[in-house]
Amino acid sequence: MVQTIKSRSQVPLDSRDLDICQQVFDKLRSEYQVAKGSDEAERMASIVIELYRQGVRDPNHLRSMVEAARGLFETSDR
């Protein structure tokens, strides 16, 4: 299923939204061994929130898009 980004939501994120973003961020940070509080962690968190606000709600899709945006996508020939 292709998900289309329609527009950035101006509605504040609620606790459920933040929980989804936090889970995606934590998985990515752990998998790629990004230190808490590092510049990389801050960039990754910003991307997670921005994509979520733009309408990417599925955690797997959100994760994939963050990986692609940060150049973390692993190719099978590595």
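Residues numbered from 1 in each chain as written. Predicted model: local features only at pLDDT ≥ 70, side-chain atom pairs only at ≥ 80, totals over all residues. Heavy atoms only, no water.

A. Layout of the overall build of the protein. A tally of regular secondary structure across the protein gives three helices and zero strands. Moving toward the C terminus, one meets the helices and strands of the protein in the order α-α-α. Scored against the burial criterion, the 78 residues of the protein give a buried share of 28%. Of the roughly 5,500 Å² of accessible surface on the protein, a fraction of 49% belongs to carbon and sulfur atoms. (Helix = DSSP H or I, 4+ residues; strand = E, 2+ residues; numbered from the N terminus. Buried < 20%, exposed > 50% of the residue type's maximum accessible area, 1.4 Å probe, protein only. Areas by Shrake-Rupley, 256 points an atom, 1.4 Å probe, with all protein chains shown as cover.)

B. Inspection of the side chain of Arg 29 at higher detail. Looking at the element boundaries, Arg 29 is found in helix H1 (residues 15–31). At 4.6 Å, Asp 26 is the nearest oppositely charged side chain to Arg 29, a buried residue that forms no salt bridge. In contact with Arg 29, other than residues within four places in its own chain, are Val 34, Ala 35, Lys 36 and Met 44. (Lys, Arg positive; Asp, Glu negative; His and termini not counted. Salt bridge = Lys/Arg side-chain N within 4 Å of Asp/Glu carboxyl O. Contact = heavy atoms within 4.5 Å.)

C. Region of the structure containing the nonpolar core. Ranked by internal contacts, the top residues of the largest apolar core, which has 17 residues, are Leu 28, Met 44, Val 48, Leu 51, Tyr 52, Leu 62 and Val 66. Counting only elements with at least two residues in this core, the list comes to H1, helix H2 (39–53) and helix H3 (59–70). Element by element, the count of residues in this core is highest for H2, at six residues. Excluding its chain neighbours within four sequence positions, the residues that come into contact with Tyr 52 are Leu 13, Arg 16, Asp 17, Ile 20, Cys 21, Arg 57 and Leu 62. (Core = buried A, V, L, I, M, F, W, Y, C linked by side-chain atoms within 4.5 Å.)

D. The packing of aromatic side chains, seen in detail. Within the structure shown, the criterion is met by zero aromatic pairs. If you follow Arg 57 out to its NZ or CZ, it ends over the ring of Tyr 52, 4.1 Å from the centre. (Phe/Tyr/Trp six-rings, centres within 6.5 Å; stacked < 30°, edge-to-face > 60°. Lys NZ or Arg CZ within 6 Å of the ring centre and 35° of its normal.)

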